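For reference, the chains in residue letters:
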Amino acid sequence: MGTTKKKTGRNAPCPCGSGRKYKQCCLKKPQSAESTAEHYLRKYKIRLKSPKDIEGIRRCGDLVMATFDEVTKILVPGTTTEAINTLVHDFTVQHGAQPAPLHFNGFPKSVCTSVNHVVCHGIPGPYILKDGDILDVDITTILNGYYADCNQTFFIGTPSPEAARLVAITRECLKRGKDMAKPGNTIGDIGWAIQRYAEAQGCSVVRQLVGHGVGFDFHEPPEVPHFGKRGHGVPIVPGMVFTIEPMINLGTHHVRTLDDHWTVVTKDGSLSAQFEQTFAITEDGCESLTPFEL
């Protein structure tokens, strides 16, 4: 897919990585200087998206959110996680798209369903949802060659006070990460904001799993950790599209992977929650391409 040259704000960090403001660095170079898109592809392997590309990802994101609307109708005690998989698969295919997880590196299903202490990559199956469960549903769709990725944590019936608190904290973590996703900041600023808030609430941030670029493929550069230091990492510029998807635990941040080689659980058995959106960086901030209320 092609990319187009993107405008960088005069006061934003220079995309060349010098640490100086753009107006004091490459803005003054001759017109033959490397474009931002060329520079990001060469240095970071990041493919910036054109307005046409972002529109394609947005349309895919619209389908992802329509799929969530259908899923929420069956999230009641007594539903199996396999029933969620069937719904997501059928609805996606009926709308001319493909479920990205199916057969991805051997993953056997069309959606990830992660219950209670499962951090992510839960495989749908015979598990019957019960009152008090929390369930993360992770949907990634391919439409006309574009990918959009989103997940949300839902209450099944009435949650415990600790579950309700964890989910509220995790939702706020995504909001705070989103607020840092703008030109002039770095990828590290996103993780710093999330970690600072989560740990202040007595929760922990999973380290082993991160957000990622998306749009042309399921996973692209850059990696987007949900912990980190301000000012570190890749400078954020318009045209970047990536997910922010904090995984927050009530206990420690340590996790382990089960024998199925996919299901990741908290090592101490504590509850875990996650929210994710796909964001496109604009000239003055970001736009969610898989929006829900934060």
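Here the structure is a predicted model, which is why all the values come from computation and not from measurement.

Draft legend 1. Region of interest: the state of the cysteines. What the rule picks out here adds up to zero disulfides. In this model C60 remains outside any disulfide bridge; the closest cysteine sulfur is found in C150, 11 Å from its own. In this structure C60 comes out as buried when scored by relative accessible area, which is 0%. C173 carries a free sulfur, and the closest cysteine sulfur to it, the one in C203, is 7.6 Å from it. For C173, a relative accessible area of 0% translates into the label buried.

Draft legend 2. Here's a closer look at the side chain of T153. Within the element layout of this structure, T153 appears in strand β5 (residues 146-155). Within the structure, T153 has its side chain in polar contact with the side chain of D136 (distance 3.5 Å). Within the structure, T153 has its side chain in polar contact with the backbone oxygen of Q274 (distance 2.7 Å).

Draft legend 3. Spotlight on the pairing of strand β9 (residues 241-244). What you see with β9 is no split at all: V241 and T243 on one side and F242 and I244 on the other are buried throughout. Both β9 and strand β14 (residues 277-281) contribute to a ladder of four bridges, which runs antiparallel. Among the inter-strand pairings, V241 is bridged to a residue of β14, identified as A280.

Draft legend 4. Molecular detail of the nonpolar core. I190, M240, F242 and I244 are the most contacted members of the largest nonpolar core, which has 71 residues in total. The element that contributes the greatest number of residues to this core is helix α2 (residues 51-72), accounting for eight residues. With residues up to four places along the chain from it excluded, the contact list for F242 reads A181, I187, I190, H212, G213, V214, V224, Q277, T278, F279 and I281. By size, the runner-up hydrophobic cluster in this structure holds seven residues, among which are C120, V206, V255 and V264.

Each value, and the rule that gives it
Residues numbered from 1 in each chain as written. Predicted model: local features only at pLDDT ≥ 70, side-chain atom pairs only at ≥ 80, totals over all residues. Heavy atoms only, no water. Disulfide = S-S within 2.5 Å. Buried < 20%, exposed > 50% of the residue type's maximum accessible area, 1.4 Å probe, protein only. Helix = DSSP H or I, 4+ residues; strand = E, 2+ residues; numbered from the N terminus. Polar contact = N/O pair within 3.5 Å; in protein donor to acceptor, adjacent residues only side chain to side chain. Pairing = 2+ DSSP bridges. Core = buried A, V, L, I, M, F, W, Y, C linked by side-chain atoms within 4.5 Å. Contact = heavy atoms within 4.5 Å.

Purely spatial values, then, with no claim about function.
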